[in-house]
Amino acid sequence: MTGPGAGAGVEPTGSAVLAGRRALVTGGAGALGSVIARRLAGAGADVAVLDLDEAGAGEVCRDVARLGRRTLPIGVDLTDHAAVQAAAGRVLTTWGGVDVLVNGAGGGVVAPFAEMSAETWHAMMSRNLDSVYHVTRAVLPAMLEQRFGRIVNIASVAAVSGGRLVRGATAYAAAKAGVVGLTKALAVEVAEHGVTVNALAPGAQATPGRERDTEERRAALLAQIPTRLLGEPEHLAEAVLFLASPAAVNVTGVILPLDGGHSI
Ligand SMILES: NC(=O)c1ccc[n+]([C@@H]2O[C@H](COP(=O)([O-])OP(=O)(O)OC[C@H]3O[C@@H](n4cnc5c(N)ncnc54)[C@H](O)[C@@H]3O)[C@@H](O)[C@H]2O)c1
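Just so we're clear, the structure is a prediction, and the values are computed from it rather than from any experiment.

Vacant regions in the atomic arrangement are exposed by a probe of water-molecule size rolled over the atoms. Its volume calculated, the largest pocket comes out at about 1300 Å³. L32, G106, G107, G108 and Y172 are, among the 49 residues lining the largest pocket, the residues nearest its centre. At the level of secondary structure, the elements contributing two or more residues to the lining of the largest pocket comprise α1 (31–42), β2 (46–51), α4 (118–146), α5 (158–161), α6 (170–190) and α7 (215–223). Here the residues of the lining of the largest pocket are counted per class, giving 22 nonpolar, 17 polar and 10 charged.

Here we take up the nonpolar core. Core analysis: the largest hydrophobic core is formed by 30 residues, its most contacted members being L18, I36, L40, V47, V102, L200 and V240. The greatest single-element share of this core, amounting to 7 residues, is contributed by helix α8 (residues 233–244). Once residues lying within four places of it in the same chain are set aside, the contact partners of V47 are A23, V25, A37, L40, A41, C61, V64, R70, T71, L72 and W95. One finds I74, V98, V190 and V195 within the second-largest nonpolar core, a separate group that totals 27 residues.

Our next topic: the site of the ligand. In the vicinity of the ligand lie 26 residues, with A31, L32, D51, Y172 and K176 positioned nearest. One of the backbone N or O atoms of L32 is found 2.8 Å from an oxygen atom in the ligand. Here the ligand has 820 Å² of accessible area as a free molecule, and 82% of this is covered by the chains. Listing elements by their share of the shell around the ligand, those giving two or more residues are α1 and α6. Split into classes, the residues belonging to the shell around the ligand amount to 12 nonpolar, 10 polar and 4 charged.

Conventions used here
Residues numbered from 1 in each chain as written. Predicted model: local features only at pLDDT ≥ 70, side-chain atom pairs only at ≥ 80, totals over all residues. Heavy atoms only, no water. 1 Å grid on protein atoms, 1.4 Å probe; cavity = no way out; pocket = protein on both sides within 12 Å on 5 of 7 lines; lining within 4 Å. Points joined across faces, edges and corners; volume = space filled by probe spheres on them. Helix = DSSP H or I, 4+ residues; strand = E, 2+ residues; numbered from the N terminus. Nonpolar A, V, L, I, M, F, W, Y, C, P; charged D, E, K, R; others polar. Core = buried A, V, L, I, M, F, W, Y, C linked by side-chain atoms within 4.5 Å. Buried < 20%, exposed > 50% of the residue type's maximum accessible area, 1.4 Å probe, protein only. Contact = heavy atoms within 4.5 Å. Near = heavy atom within 4 Å. Polar contact = N/O pair within 3.5 Å; in protein donor to acceptor, adjacent residues only side chain to side chain. Areas by Shrake-Rupley, 256 points an atom, 1.4 Å probe, with all protein chains shown as cover.

Any functional reading would require information that these geometric values do not contain.
Here's what the structure looks like:
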């Protein structure tokens, strides 16, 4: 890069900005995770995918391999601490480390709070918050050891706006708010060791699930979004790529809304 704005010592954000980096994407078989995994591979990273959906993980990893990158699909329940230690351990021993961790697995059910069972509450915490703990706990020591790491958590606008886009999202919003708190506290804890920790807070994304929306539902949704646009998974993947890139070396503890202004 030349001319005004060229930063001395800042590496270019060109097509192979993650060349030689090893990425682990959880939920990589999902609508957003699969786009993120392919984008990181397109930028030069090797990509391991951890997901309950083993076949889906395999499919995404075949695309990663077609790009000439190393890849590792692992079917695992991320709510199971021991299973996650084993799965992440496989990635760490096979590749000798992990440089980029994207905690993308999550999602869940909506239920009116007054009727919510304890099972539903705990399942939502387990899927959306405990899973982030299990995977990050497994990978972080190696990042600290190598004095390099980029952790990107996929939270949700629900964490900051109370889930106004979907009624009945209390457990989901609470779990994602937990992810936001974890992101900020861990960012402070590991900042001196070359590890950054950031989170995205997406609003409604144009994922296949949205195609089931009625015209009425879609109009009501867009009416709550100042830009009147759903998020594009490809744009979200670009944000992940930036946070994983060398240019983001001094960006940590950030919760980046990708919500068309919904949370303003
Ligand atoms: N799609 C949206 O509009 C939106 C908006 C805000 C936040 N998010 C968040 O983005 C992330 C990805 O969402 P998505 O739309 O791609 O959802 P998705 O359902 O398409 O993908 C989620 C993936 O996580 C995996 N997963 C879920 N529980 C798991 C478990 N216990 N163990 C292992 N894997 C598990 C699923 O198998 C799936 O492949 C989620 O954390 C979600 O909460 C999505």
